[in-house]
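Observations on chain architecture
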Amino acid sequence: MAMKKQNIILLGITGVIVAALLLDHFGIVPIRQIAQLNNKTVTAAAGKNQTGPEDGMQQSDSQAGPEVNTVQAPIALQQDYIGKLVANITLDQRKALLDDSEAFRNFVNQEATNLSLLQAAKANNLQSDPDIQFLVERSGDNVLREIYITRLINSKIAADFPNEQQIQEYFDNNKDRLKVGERLSVWQIFLPVTDAMDDAAIAAIAKEANRIANEIKSDKLDFSAAALQFSRHDPSRLNGGFMGMIKVSELIPEIRKALDELEIGQVSTGIKSPMGYHILKKGESMPEQDLTVDQIRNEIKNLMLNQARVQLRNAINDQVLKTYPVTIDATLIEQWRQGLLTESQ
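**Re the overall build of the chain**
Along its length, the chain carries 15 helices and six strands. Classification of the 345 residues of the chain by burial places 24% in the buried group. Taking the contacts inside the chain whose residues are at least 6 apart along the sequence as the reference set, 66% of them involve residues at least 24 apart.

Shown next, in the form of structure tokens:
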């Protein structure tokens, strides 16, 4: 909640605001104009024969960029191609993909789009550009390098790692960290403050927060109804202001201090934080709990595997540098930077 900044941000609203601002300032822009595709291009891609601009705002054929409008003979997507793609993803990804018919259909359709774009790129001879050739080669090198190190790492990790004894040892050595911290159920009504606001605007928000809080305390307003009406934190607003069980250790100082001073069920005044003003209601708390190894066996196993992979990757990098050394003249690095900086100006 206002406890952590990311919990305060109005989830899902940013895109709507940006879109509204764009429409307010610029109006609705035709997609053909945005993509710089003339009407001939769009209709040909749709399998139609209409030609000519519709709105007088589109490029003529002579101004257009690489051609994409000449319909080519279709390429049949083959099962063996899809099979090779599926064979080169992780077992978990493969299972999730093949167990879900809709996900698999979307995957195949996306690959059809990818192949179509690749054919268009080749038809426009992008592969002859030296810079693009370099990027393509580097991409292939990156794939080769990652496959090499991933296979090497997997070959070094025993199939039964970590076994039960190793999991138990890890649990015993880290008991102090393997706990569920104290949690507290919290409700809030949030009124945001932005950097663009002046002192008068901020003071008005503080006054509004205290007005709402006083009306709730005097039973003129129900907290949940007030949250739905006034709060600007959508996830909790739509749940009557309820934030859930929050880890006390994650509360920002202003909120934690205010909640410490409240009794269960009590409502605060407007509490100022770096993000805005919060009207808080305190609920029941759940004390810190020790976990058993059975409760977190899978989490420990995944953590140990990830740690082993990181350690092996670092060790492999060190060994490879010794076996296949690459020399760097440290005195030239700054010269390279200066030279490239000059070229880019």
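**Describing the environment of Asn 109**
Position of Asn 109 relative to the elements: it lies in helix H7 (residues 101–123). Measuring from C-alpha to C-alpha, the distance between Asn 109 and Leu 77 comes to 9.7 Å, with 32 residues separating the pair along the chain.

**Overview of the sheet that holds strand S2 (residues 183–192)**
On the basis of which strands lie adjacent, the open sheet formed by four strands has the order S3-S2-S5-S4 and antiparallel pairing. Looking at the sheet topology across the chains shown, the edges are occupied by strand S3 (242–247) and strand S4 (267–273). Strand-to-strand twist of the sheet, defined as the mean angle between neighbouring strand axes without regard to direction, takes the value 40°. Of the pairings in the sheet, the one linking S2 to strand S5 (residues 276–286) comprises nine bridges and is antiparallel in character. Within S5, the position partnered with Trp 187 by the bridge is Lys 281. Each of S2, S4 and S5 is contacted by helix H10 (residues 199–217), which is oriented at about 165° to S4, the strand it contacts most. Against the sheet, helix H11 (residues 223–230) touches S2, S4 and S5, its axis set at about 40° to S2.

**Notes on the nonpolar core**
By size, the foremost hydrophobic cluster in this structure holds 17 residues, and its most contacted members are Ile 189, Ile 212, Ile 216, Ala 226 and Ile 279. Looking at this core, the elements that each hand over two or more residues are S2, H10, H11 and S5. Top contributing element to this core by residue count: H10, with six residues. If near-sequence neighbours (up to four positions away) are discounted, Ile 216 is found in contact with Ile 189, Leu 221, Phe 223, Ala 226 and Val 267.

What counts as what
Residues numbered from 1 in each chain as written. Predicted model: local features only at pLDDT ≥ 70, side-chain atom pairs only at ≥ 80, totals over all residues. Heavy atoms only, no water. Helix = DSSP H or I, 4+ residues; strand = E, 2+ residues; numbered from the N terminus. Buried < 20%, exposed > 50% of the residue type's maximum accessible area, 1.4 Å probe, protein only. Contact = heavy atoms within 4.5 Å. Pairing = 2+ DSSP bridges. Axes fitted to C-alpha atoms, helices over the stretch in contact; angles between N-to-C directions. Core = buried A, V, L, I, M, F, W, Y, C linked by side-chain atoms within 4.5 Å.

By themselves, these observations are geometric and do not establish any function.
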